[in-house]
Amino acid sequence: MTVAVPVTLPTLPALVVGKVHHTRHRPVLHQFTHGSDQWLIDLDDPPRLPAWLRPLATLKAQDHLDGAPTHVELKTSVRTRLEEHGIPTADDDRVVMLAYARTLGHVFDPMSAFWCLDRDDHLRGVVIEVRNTYGGRHTYVVPGDQVSGTDLDKVFYVSPFNDVSGSYRASLRLGPERVAVSIRLDRDGSPVVTATVSGRPRPATNRAVLARFARRPFMAQRVSALIRAHGIWLWLRRLPVHPRTT
């Protein structure tokens, strides 16, 4: 039985302004840190931006999980995954999503997270969705009392420089001062890759959305381009490539 974990939420919807940090520990050391602007939203009350701002930031439910057409149905998909892992949910639960927004119709979200809270804002569990650049996606479920650190079997092909062996060590944080998701890939008792996205949530006012776009424009396109750029860097250093088997 999971222990109820109380959560204090920031004002939603919010822009999570922070950074992505990535370290490949072996066989080649490669580290980078990039600025990141993500959204944190309540699926029952998604942002309603004016028409002139929507090209810069649009959050579509169909970009996640089963491709549900509405945020309400996306919430149902999150609850279903939790229940499939023995975590009960209720109709009046809240689901808070951390994700990148579409910019000019484009989005690629390497990792999105969905926190499910009961009516008293106690955490039931988290669904982490991981995507690769080949169009595949997979979800991992973390019980509410294990968000400070839990082990997950790696079963999904993400990078051509890693096969599906090993396990993840995942930790998550959701609060008014900081939102963070950290995933470390371990193999044979030592880390291979550590990836962390973290930031401070700020109210997503129209002015804030415009200011963030001016500061870091085309975030969705930047994410896609940087993933490929770092992949080329590793390939040029002859890091072994593991072909997909499925």
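Attention here is on the structure that accompanies the text.

Parameters and conventions
- Residues numbered from 1 in each chain as written.
- Predicted model: local features only at pLDDT ≥ 70, side-chain atom pairs only at ≥ 80, totals over all residues.
- Heavy atoms only, no water.
- Helix = DSSP H or I, 4+ residues; strand = E, 2+ residues; numbered from the N terminus.
- Rg over C-alpha atoms; globule rule 2.2 N^0.38 Å.
- Buried < 20%, exposed > 50% of the residue type's maximum accessible area, 1.4 Å probe, protein only.
- Contact = heavy atoms within 4.5 Å.
- Lys, Arg positive; Asp, Glu negative; His and termini not counted.
- Charge placed at Lys NZ, Arg CZ, Asp CG, Glu CD.
- Core = buried A, V, L, I, M, F, W, Y, C linked by side-chain atoms within 4.5 Å.
- Phe/Tyr/Trp six-rings, centres within 6.5 Å; stacked < 30°, edge-to-face > 60°.
- Salt bridge = Lys/Arg side-chain N within 4 Å of Asp/Glu carboxyl O.
- Polar contact = N/O pair within 3.5 Å; in protein donor to acceptor, adjacent residues only side chain to side chain.

Quick word on the overall build of the protein chain
Moving on, step 1. Of regular secondary structure, the protein chain possesses 3 helices and 11 strands.
Moving on, step 2. Secondary structure elements of the protein chain, listed N to C terminal, follow the sequence β-β-β-α-β-β-β-β-β-β-β-β-α-α.
Moving on, step 3. The C-alpha atoms of the protein chain give 18 Å as radius of gyration, which agrees with the globular expectation for 246 residues (18 Å, within 12%).
Moving on, step 4. Overall, the protein chain is about 50 × 45 × 30 Å in size when its C-alpha atoms are taken along their principal axes.
Moving on, step 5. Taking all 246 residues of the protein chain together, 48% fall into the buried category.
Moving on, step 6. When contacts within the protein chain are restricted to residue pairs at least 6 apart in sequence, long-range pairs at least 24 apart make up 57% of them.
Moving on, step 7. For the protein chain, the centre of its 32 positive side-chain charges and the centre of its 24 negative side-chain charges are spaced 12 Å apart.

Some details on the nonpolar core
As a rule of thumb, soluble globular proteins bury nonpolar side chains together.
Moving on, step 1. Residues Leu40, Trp115, Val126, Ile128, Leu172 and Val181 are the most contacted members of the largest nonpolar core, which totals 31 residues.
Moving on, step 2. Where this core is concerned, the elements lending two or more residues are strand S2 (14-24), strand S4 (94-99), strand S5 (111-117), strand S6 (122-131), strand S7 (137-143), strand S9 (167-174), strand S10 (179-187) and strand S11 (190-203).
Moving on, step 3. Counting 27 residues, the second largest nonpolar core, distinct from the first, contains Leu65, Leu74, Ala99 and Ala204.

A closer look at unusual backbone geometry
Moving on, step 1. Note the cis peptide between Leu12 and Pro13, where omega equals -5°.
Moving on, step 2. In this fold, Pro13 is placed in the loop between strand S1 (5-6) and S2.
Moving on, step 3. Pro27 follows Arg26 through a cis peptide bond whose omega is 0°.
Moving on, step 4. As for its placement among the helices and strands, Pro27 is situated in the loop between S2 and strand S3 (30-42).

Side note on the side chain of Ser224
Moving on, step 1. Of note, Ser224 is situated in helix H3 (residues 219-236).
Moving on, step 2. Once residues within four sequence positions are removed from consideration, Ser224 is found in contact with His106 and Phe108.

Focus: the packing of aromatic side chains
Moving on, step 1. Inspection of every chain in the model, using the stated rule, returns 3 aromatic pairs.
Moving on, step 2. Plain terms: the ring middles of Tyr134 and Tyr157 are 5.9 Å apart, the flat faces sit at 45° to each other, and that makes the pair tilted. Of this pair, Tyr134 sits in the loop between S6 and S7 while Tyr157 is found in the loop between strand S8 (150-153) and S9, placing the two residues 23 residues apart along the sequence.
Moving on, step 3. Judged by its relative accessible area of 10%, Tyr157 falls in the buried class.
Moving on, step 4. Here the aromatic rings of Phe213 and Phe218 are separated by 5.2 Å at their centres, their planes lie at 70°, and the arrangement is edge-to-face.
Moving on, step 5. Under the relative-accessibility criterion, Phe218 is labelled partly exposed at 36%.

As for the pattern of salt bridges
Moving on, step 1. What the rule picks out here adds up to 17 salt bridges.
Moving on, step 2. Its salt-bridge partner being Asp37, residue Arg216 comes within 2.9 Å of it at the nearest N-O pair. Here Asp37 lies in strand S3 and Arg216 lies in the loop between helix H2 (206-215) and H3, a separation of 179 residues in the sequence.
Moving on, step 3. Where Arg124 meets Asp93, a salt bridge forms, and the shortest distance between an N and an O atom there is 2.7 Å.

Overview of the side chain of Asp37
Moving on, step 1. Exposure remark for Asp37: the relative accessible area of 9% places this residue in the buried category.
Moving on, step 2. Within the structure, Asp37 has its side chain in polar contact with the side chain of Arg212 (distance 3.5 Å).
Moving on, step 3. Residues contacting Asp37, with those up to four places away along its chain left out, are Val16, Val17, Tyr100, Arg212, Arg216 and Met219.

Any functional reading would require information beyond the geometric quantities listed.
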